[in-house]
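Chain by chain, the residues:
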Amino acid sequence: MGQLDGKVAVITGGASGIGLATARKFAAEGATVVIGDLPTSNGVAVAEELGGAFAAVDVTNAEQVEAMFALAKEKYGRIDVAFNNAGISPASDDSILKTGIEAWDLVQNVNLTSVYLCCKAVIPYMLEQGGGSIINTASFVALMGAATSQISYTASKGGVLAMTRELGVQFAGKGIRVNALCPGPVNTPLLQELFAKDPERAARRLIHIPMGRFAEPEEIANAVAFLGSDESSFITATEFLVDGGLSHAYVTPLESDFE
Ligand SMILES: NC(=O)c1ccc[n+]([C@@H]2O[C@H](COP(=O)([O-])OP(=O)(O)OC[C@H]3O[C@@H](n4cnc5c(N)ncnc54)[C@H](O)[C@@H]3O)[C@@H](O)[C@H]2O)c1
């Protein structure tokens, strides 16, 4: 018996990083997955590998988002889990003093408006079938301030967290659980890109993590599988932190403490 046997899950950003690891975990635990990602992504190959379906989608486009969930419903009959996870962290999003309105809008659209669109599109299906689990990817930066600022990114994740809380409370009586996943820094292309561009600033992040390392995408996927499964049946409207202790740390161990 898999943890997610018989469940149908739609995963945006499912072709890379956290979304890809989650899609693999879900399939291994018995779920049918629909990978929602850009047409230029690796989504077709991932869906083929996992025996699921690919929906080419730009998550900022309402019609394409609706079509993605309609495809899942049409093909597999139900939607038990929506993992609204696609997100970006472009270099143009920086300190508020350097970030222009175009970069601000781009990040708000991809990271926050997309979650609004996905929730708006999937909740009617879940109401009709009497329940479901929505997991929206926020971030630890929704809870903490960073001097390595990406102002629109941080604001977008704060928005995801607040929206998730409200939806979780609103739909709790209808069997729909809505949780915000708040990962700490994860070893994915998104973070690797950042490291390549600015190693010094990126390395500063490491010293704040009590475990002295970034998360692997599979460690985040395990948390998503739990939130998507019936094992988390009393968990909703949370900021579900998977951050290696980062957001609660005052003093972290020295490197020598790991020896
Ligand atoms: N990596 C980290 O350290 C970290 C930490 C906290 C939160 N997050 C969040 O986790 C989520 C996934 O990040 P990741 O690190 O796996 O990134 P990633 O870059 O590895 O994957 C993101 C995926 O989203 C897709 N995507 C981007 N724009 C899209 C759009 N407009 N429409 C559809 N798909 C789109 C990309 O094609 C890609 O497959 C993001 O929301 C990110 O903000 C990441």
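Refer to the preceding data block for the structure.
What comes next is a walk through the structure. (Residues numbered from 1 in each chain as written. Predicted model: local features only at pLDDT ≥ 70, side-chain atom pairs only at ≥ 80, totals over all residues. Heavy atoms only, no water.)

Considerations on the overall build of the protein chain
Okay, so step 1: Helix and strand counts for the protein chain come out as eight helices and seven strands.
Okay, so step 2: Whereas a compact globule of 259 residues would reach a radius of gyration of roughly 18 Å, the protein chain reaches 18 Å, a difference of no more than 12%.
Okay, so step 3: In terms of overall dimensions, the protein chain has C-alpha extents of about 50 × 45 × 35 Å along its principal axes.
Okay, so step 4: The burial tally for the protein chain puts 47% of its 259 residues in the buried class.
Okay, so step 5: A separation of at least 24 residues holds for 71% of the contacts in the protein chain among residues at least 6 apart in sequence.
Okay, so step 6: A total accessible area of about 12300 Å² is found for the protein chain, and carbon and sulfur atoms account for 55% of it.
Okay, so step 7: When the 17 positive and 29 negative side-chain charges of the protein chain are each reduced to one mean point, those points stand 4 Å apart. (Helix = DSSP H or I, 4+ residues; strand = E, 2+ residues; numbered from the N terminus. Rg over C-alpha atoms; globule rule 2.2 N^0.38 Å. Buried < 20%, exposed > 50% of the residue type's maximum accessible area, 1.4 Å probe, protein only. Contact = heavy atoms within 4.5 Å. Areas by Shrake-Rupley, 256 points an atom, 1.4 Å probe, with all protein chains shown as cover. Lys, Arg positive; Asp, Glu negative; His and termini not counted. Charge placed at Lys NZ, Arg CZ, Asp CG, Glu CD.)

Description of the packing of helix H1 (residues 17–28) against helix H2 (residues 43–50)
Okay, so step 1: Packing of H1 against H2 leaves a shortest axis separation of 10 Å and a crossing angle of 20 degrees. Between H1 and H2, the crossing angle belongs to the class labelled roughly parallel. Where H1 crosses over H2, the two elements pack in a sense that is right-handed. Touching Leu20, Ala23, Arg24 and Ala27 of H1 are Val46, Glu49 and Leu50, all from H2.
Okay, so step 2: Partitioning the contact of H1 with H2 into residue classes produces five nonpolar, no polar and two charged. (Axes fitted to C-alpha atoms, helices over the stretch in contact; angles between N-to-C directions. Parallel < 35°, antiparallel > 145°, perpendicular 65-115°, else oblique. Left-handed = near helix turned anticlockwise from the far one by under 90°. Nonpolar A, V, L, I, M, F, W, Y, C, P; charged D, E, K, R; others polar.)

Description of the packing of aromatic side chains
Okay, so step 1: Per the stated rule, a full pass over the model turns up one aromatic pair.
Okay, so step 2: Taking the centre distance of 6.1 Å and the plane angle of 45 degrees together, the rings of Phe226 and Phe240 count as tilted. Placement of Phe226 in helix H8 (residues 217–228) and of Phe240 in strand E7 (residues 239–242) is noted, with a sequence separation of 14 residues between them. (Phe/Tyr/Trp six-rings, centres within 6.5 Å; stacked < 30°, edge-to-face > 60°.)

A short note on the side chain of Ser247
Okay, so step 1: Residue position: Ser247 is located in the segment after E7.
Okay, so step 2: A polar contact is formed between the side chain of Ser247 and the side chain of His248, at a distance of 3.2 Å.
Okay, so step 3: Once residues within four sequence positions are removed from consideration, Ser247 is found in contact with Met144 and Leu241. (Polar contact = N/O pair within 3.5 Å; in protein donor to acceptor, adjacent residues only side chain to side chain.)

Notes on the sheet that holds strand E5 (residues 132–137)
Okay, so step 1: Reading across from one edge, E3-E2-E1-E4-E5-E6-E7 is the order of the seven strands in this open sheet, with parallel pairing throughout. Taken across any chain shown, the strands that pair with only one partner, and hence form the sheet edges, are strand E3 (53–56) and E7. Adjacent strand axes in the sheet meet at a mean angle of 20 degrees when their direction is disregarded.
Okay, so step 2: In this sheet, E7 lies alongside strand E6 (residues 176–183) in parallel orientation, the contact comprising four bridges. From the neighbouring strand, Ala180 faces E7, where its bridge partner is Glu239.
Okay, so step 3: Sheet strands in contact with H1 are strand E1 (8–12), strand E2 (32–37), strand E4 (81–84) and E6, and its direction is about 170 degrees off that of E1. (Pairing = 2+ DSSP bridges.)

Considering the pairing of E2
Okay, so step 1: Among the six residues that make up E2, five are buried, leaving the element largely enclosed by the rest of the structure.
Okay, so step 2: Relative to E2, E1 runs parallel, the two being bridged by five bridges. Bridge pairing in E2 places Val10 opposite Val34.
Okay, so step 3: The β-α-β motif built from E1, the intervening H1 and the parallel element E2 has right-handed crossover chirality. (Right-handed = clockwise from strand over helix to strand, strands pointing away.)

Some points on the environment of Asp5
Okay, so step 1: Note on placement: Asp5 falls in the segment before E1.
Okay, so step 2: A C-alpha to C-alpha distance of 16 Å links Asp5 and Gly131, two positions 126 residues apart in sequence.

Looking at the nonpolar core
Okay, so step 1: Val65, Met68, Phe69, Ile79, Val122, Ile123 and Ile134 are the most contacted members of the largest nonpolar core, which has 34 residues in total.
Okay, so step 2: For this core, the secondary-structure elements that each account for two or more residues are E3, helix H3 (62–76), helix H4 (101–129), helix H5 (151–171) and E6.
Okay, so step 3: Ranked by the residues each element gives to this core, the list is headed by H4, at 10 residues.
Okay, so step 4: Not counting chain neighbours up to four residues away, the residues in contact with Val65 comprise Val57, Asp58, Val59, Leu117, Cys118 and Ala121.
Okay, so step 5: Membership of the second largest hydrophobic core comes to 25 residues, among which are Ile18, Leu20, Ala23 and Ala31. (Core = buried A, V, L, I, M, F, W, Y, C linked by side-chain atoms within 4.5 Å.)

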